[in-house]
Amino acid sequence: MPNEYDVIVVGAGHAGCEAALAAARMGCRTALLTMNPDTVALMSCNPAIGGLAKGQIVREIDALGGEMGKATDETAIQYRLLNRSKGPAVQSPRAQCDRKLYAASMKRRVSECPGLTLVAETVDALIAEDGRIRGVVGASGREYRAKAVVLTTGTFLKGLIHVGSEKSVGGRIGEPSAERLSDSLRRLGFVVERLKTGTPPRIDGRTVDFTKCAEQPGDAEPCFFSFATTRLALPQRVCWITHTNERVHEIIRRNIDRAPLYTGQITAVGPRYCPSVETKVMRFPEKTSHLIFLEPEGLDTEELYLNGLATSIPADVQEEMLHGIAGLERVRVARYGYAIEYDYVPPTQLFATLETKLVRGLFHAGQINGTSGYEEAAGQGLVAGINAARSVRGDEPIVLRRHEAYIGVLIDDLVTKGTEEPYRMFTGRAEHRLLLRSDNADRRLTPIGRASGLVDDGSWSRFEEKRARIGELAEWVGRIRRNGKSLDELLRTPGVTLASLIAETEELRALAPEREIVEAVEIESKYRGYISRQMREVERLRESEDRRIPAEIDYETIPQLRREAREKLSRIRPSTLGQAARISGIGPAEISVLRIYLQGRRRQASDAHEAK
Ligand code: FAD
């Protein structure tokens, strides 16, 4: 049966690659069906990985045994740790990558993975019987059967591209869209809606006057994404900074009646935190200038990406606008900016495992769930791939908790609250962000990755050794005393660093701890009070987070619940009392009704058991 698999993943973008690699490594016969095998893991927008909160997600993916961090380190051409001067909870690594090399690196990982087959196929429809997925049908007319299917179709479902008044069908510039799959989802009963995103123009770097731009070098000591990386793989490049100005804003205002976002041509909602330049100019008229980063697209290309200048105004206005910016007066445009509208499937139709509520064995991950960003997509892809494989094996699914991972926060937000605009992660979305640092992602998640079968022996023993070395250094720091105080206490004095204490202390020097070991111990000491407070908060919530709500509960039979609460609980079907409490409009009164109801059910079940 050549077209029969355990798991089928549809779409080889950032979510799809992680999902397929995870499922195959967990022993499932996996097919990765994608429109064009030459665009595996292509970055649709900026060739940069990480950034605020997103950097933490990539470290989490790596800690769990995913690939994004390794591919980033293999192809990074500039590293920067963002928020370096702020606290460790909000520091996030970011890397500019070589776009072509990144895609090639991920394609190599996919191609070399045993048990994983990459197939060129556009999926047109799903096959479901009795509420269970059975497979998919390709545009070639071929059927592919599987026990689980993961959909990761990005911006391709009925994608519609806009540049000024010109509209064209496509999933990304120069690529076709997937016109049929969302109709198949609708026929199965799913609600499908529209979102929008946009990208800036790319320019020819040889036509830029860099003397008018400020240079932005990378960090001398890079913060890598993978816990396994020890050194730089590629030569590093600088980025540049310039600004828009009043003249440019005037050009935009003068042509706003030709901007599809303002003519009513685009109706879908775009990313609030990554607005187009025309939106910035119209929404913040008091601002006379906006930052633009000129970022290299790769080592063997002169193309530069203009971060901060997403736009879908007509091509001639894009040119005029660019020529009004310092350093870009004579610039040649390599590709124009554009906006794209696409179908997504509102994620409240999913369980926290990313399995759909309507069709068992069908999982959704990435931009199809209303998110924006490679990292958010990859994090979901990894979880969906793990859970698809576990469902095939008959194992309990994995759900990352909000205090365990940003990926847990992301998925919980999506499935509990949904999203009406492209969702991107921020540190502010995590209530326990001091626990969710990028330095401790491995200590939070590598044991979970190991238990899932995704962390190999080499990585596991490296992790165990690191954990032991952190424990050893922390013990010495707690034990050694100076002037009546332990080093641990001294570390809480502002300005005192562990590196300086090590330099002055023979026993610690003898341990020769690496930078990441020192950093881990220092953060845990300096922030112990805050970390303990957050841990106590997690403990306080643990009872509700652990209290499971059986999926089959009929909320209509609980008359003590208000009608609105019954409707919301029936729609979201939360898996724990904690998740129920996060549904908007569900307050403490409903939670105590539910708690009492669950206690009653448990009592009845145990009485029935004893009576037998
Ligand atoms: P994608 O990377 O889109 O991959 C989807 C894959 O599925 C593709 O390989 C496609 O060929 C395949 N596919 C789709 N349908 C089918 C089908 N029916 N059958 C077979 N294969 C199929 N993110 C940001 O964070 N910031 C930004 O500013 C930003 N701007 C963007 C601008 C544009 C114009 C676009 C297109 C995207 C932008 N993004 C941005 C989003 C970012 O690119 C996505 O969030 C990310 O790529 C989503 O990953 P994904 O794996 O879900 O989907």
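Notes on the structure follow. Worth saying up front: this structure is predicted, and the values here are computed from it rather than measured. (Residues numbered from 1 in each chain as written. Predicted model: local features only at pLDDT ≥ 70, side-chain atom pairs only at ≥ 80, totals over all residues. Heavy atoms only, no water.)

Along the protein, the regular secondary structure elements total 21 helices and 22 strands. Compactness check: the protein gives a C-alpha radius of gyration of 25 Å against a globular reference of 25 Å for 612 residues, within 12% of the reference. Seen along its three principal axes, the alpha-carbon backbone of the protein occupies a region of about 85 × 75 × 50 Å. When each of the 612 residues of the protein is scored for burial, the buried share is 56%. A separation of at least 24 residues holds for 72% of the contacts in the protein among residues at least 6 apart in sequence. For the protein, the exposed area adds up to about 25,900 Å²; of that, 51% sits on carbon and sulfur atoms. Each charge class in the protein was averaged separately, 88 positive and 84 negative side chains, and the resulting centres sit 2 Å apart. (Helix = DSSP H or I, 4+ residues; strand = E, 2+ residues; numbered from the N terminus. Rg over C-alpha atoms; globule rule 2.2 N^0.38 Å. Buried < 20%, exposed > 50% of the residue type's maximum accessible area, 1.4 Å probe, protein only. Contact = heavy atoms within 4.5 Å. Areas by Shrake-Rupley, 256 points an atom, 1.4 Å probe, with all protein chains shown as cover. Lys, Arg positive; Asp, Glu negative; His and termini not counted. Charge placed at Lys NZ, Arg CZ, Asp CG, Glu CD.)

With that settled, the discussion passes to the sheet that holds strand E4 (residues 76-82). Taken in spatial order, the 3 strands line up as E3-E5-E4 in an open sheet, and their pairing is antiparallel. Strand pairing shows two members of the sheet lacking a second neighbour, strand E3 (48-50) and E4, which therefore form its edges. The average angle at which neighbouring strand axes cross in this sheet is 20°, direction not considered. With 3 bridges connecting them, E3 and strand E5 (residues 92-97) associate as antiparallel partners. Paired with isoleucine 49 across the strands is alanine 95, a residue of E5. Contacting E3, E4 and E5, helix H3 (residues 68-75) crosses the sheet at an angle of about 115° to E4. (Pairing = 2+ DSSP bridges. Axes fitted to C-alpha atoms, helices over the stretch in contact; angles between N-to-C directions.)

The subject of this paragraph is the environment of arginine 542. On the secondary structure map, arginine 542 appears in helix H18 (residues 528-546). For arginine 542, a relative accessible area of 30% corresponds to the partly exposed category. Residues arginine 542 and glycine 578, 36 residues apart in the sequence, show an inter-C-alpha distance of 8.3 Å.

Here we take up the site of the ligand. For the ligand, the set of nearby residues contains 34 residues, the closest of which are His14, Ala15, Val123, Gln367 and Gly373. In the model, an oxygen atom of the ligand is placed 3.2 Å from a nitrogen or oxygen of the serine 44 side chain. Contacts to the ligand include lysine 54, whose side-chain N or O atom sits 3.3 Å from an oxygen atom. In the complex, the protein chains occlude 96% of the 980 Å² of accessible area that the ligand would expose alone. When contributions to the shell around the ligand are tallied by element, the ones reaching two or more residues are helix H1 (14-25), strand E2 (30-34), strand E12 (193-199), strand E19 (338-344) and helix H10 (374-393). (Near = heavy atom within 4 Å. Polar contact = N/O pair within 3.5 Å; in protein donor to acceptor, adjacent residues only side chain to side chain.)

For the rest of this paragraph, the subject is the packing of H1 against helix H4 (residues 99-112). In the contact formed by H1 and H4, the axes pass within 10 Å of each other and the chain directions differ by 25°. Considering the angle they form, H1 stands roughly parallel to H4. Note on packing geometry: the crossing formed by H1 with H4 is left-handed. Residue-level inspection shows His14, Cys17, Glu18 and Leu21 of H1 in contact with H4, the latter providing Tyr102, Met106, Arg109 and Val110. (Parallel < 35°, antiparallel > 145°, perpendicular 65-115°, else oblique. Left-handed = near helix turned anticlockwise from the far one by under 90°.)

As a further point, take the packing of aromatic side chains. Within this structure, the stated rule accounts for 5 aromatic pairs. When the ring of tyrosine 79 is compared with that of phenylalanine 224, the centres are 5.4 Å apart and the planes differ by 85°; the resulting orientation is edge-to-face. Of the two residues, tyrosine 79 is situated in strand E4 and phenylalanine 224 in the loop between strand E14 (214-216) and strand E15 (239-243); the sequence distance between them amounts to 145 residues. Exposure class is identical for tyrosine 79 and phenylalanine 224. Each is buried. Ring centres of phenylalanine 210 and tryptophan 240 lie 4.6 Å apart, and the angle between their planes is 35°; this geometry places the pair in the tilted category. Of the two residues, phenylalanine 210 is situated in the loop between strand E13 (202-204) and E14 and tryptophan 240 in strand E15; the sequence distance between them amounts to 30 residues. Linked through ring pairs, Tyr79, Phe224 and Phe225 together constitute an aromatic cluster. Lying over the aromatic face of phenylalanine 351, lysine 357 brings its terminal NZ or CZ to 6.0 Å of the ring centre. A cation over an aromatic ring shows up here: arginine 429 above the ring of tyrosine 423, its NZ or CZ 4.0 Å from the ring centre. (Phe/Tyr/Trp six-rings, centres within 6.5 Å; stacked < 30°, edge-to-face > 60°. Lys NZ or Arg CZ within 6 Å of the ring centre and 35° of its normal.)

For H10, which comprises 20 residues, the first-to-last C-alpha distance of 28 Å matches the rise-based estimate of 28 Å (1.5 Å per residue) to within 8%. Downstream of H10 by one or two residues, glycine 394 has phi in the positive range, about 80°. (Expected span 1.5 Å × (residues − 1).)

Now for the pairing of strand E11 (residues 166-169). Here 4 bridges tie strand E10 (residues 160-163) to E11, and the two strands are oriented antiparallel to one another. Bridging from a neighbouring strand, histidine 162 pairs with lysine 167 of E11.

It is worth spelling out the sheet that holds strand E17 (residues 303-307) at this point. Pairing is antiparallel across the open sheet formed by 6 strands, whose spatial order is E14-E15-E16-E17-E13-E18. Strands with a single pairing partner mark the edges of an open sheet, and in this sheet they are E14 and strand E18 (333-335). Taken pair by pair, the neighbouring strands of this sheet meet at an average axis angle of 35°, ignoring direction. In this structure, E15 lies alongside strand E16 (residues 291-296), joined through 4 bridges in antiparallel fashion.

Attention now moves to the pattern of salt bridges. The full count for this structure, using the stated rule, is 66 salt bridges. Of the charged contacts, one joins glutamate 67 and arginine 109 as a salt bridge, the two residues approaching to 2.7 Å between their closest N and O atoms. With glutamate 67 in the loop between helix H2 (54-64) and H3 and arginine 109 in helix H4, the pair connects residues that are 42 residues apart, well separated along the chain. As a salt-bridge pair, lysine 100 and aspartate 300 come within 3.4 Å of each other at their nearest N and O atoms. (Salt bridge = Lys/Arg side-chain N within 4 Å of Asp/Glu carboxyl O.)

Below, the discussion takes up the environment of leucine 116. Locating leucine 116 in the fold gives a position in strand E6 (residues 116-120). Using a relative accessible area of 9% as the deciding quantity, one classes leucine 116 as buried. Through-space distance from the C-alpha of leucine 116 to that of arginine 540 is 43 Å; in sequence the pair is 424 residues apart. Not counting residues within four places of it along the chain, the set of residues in contact with leucine 116 comprises Ala20, Leu21, Ala24, Thr30, Ala31, Leu32 and Val110.

Tracing the sequence through the fold places glutamate 121 in the loop between E6 and strand E7 (123-129). Among buried Asp, Glu, Lys and Arg side chains, glutamate 121 stands out as unpaired, with arginine 142 the closest opposite charge at 4.3 Å. In terms of polar contacts, glutamate 121 uses its side chain to reach the side chain of tyrosine 144, at 2.6 Å. Here glutamate 121 is in contact with Leu33, Thr34, Met35, Gly138, Ala139, Ser140, Arg142 and Tyr144, once residues within four sequence places are set aside.

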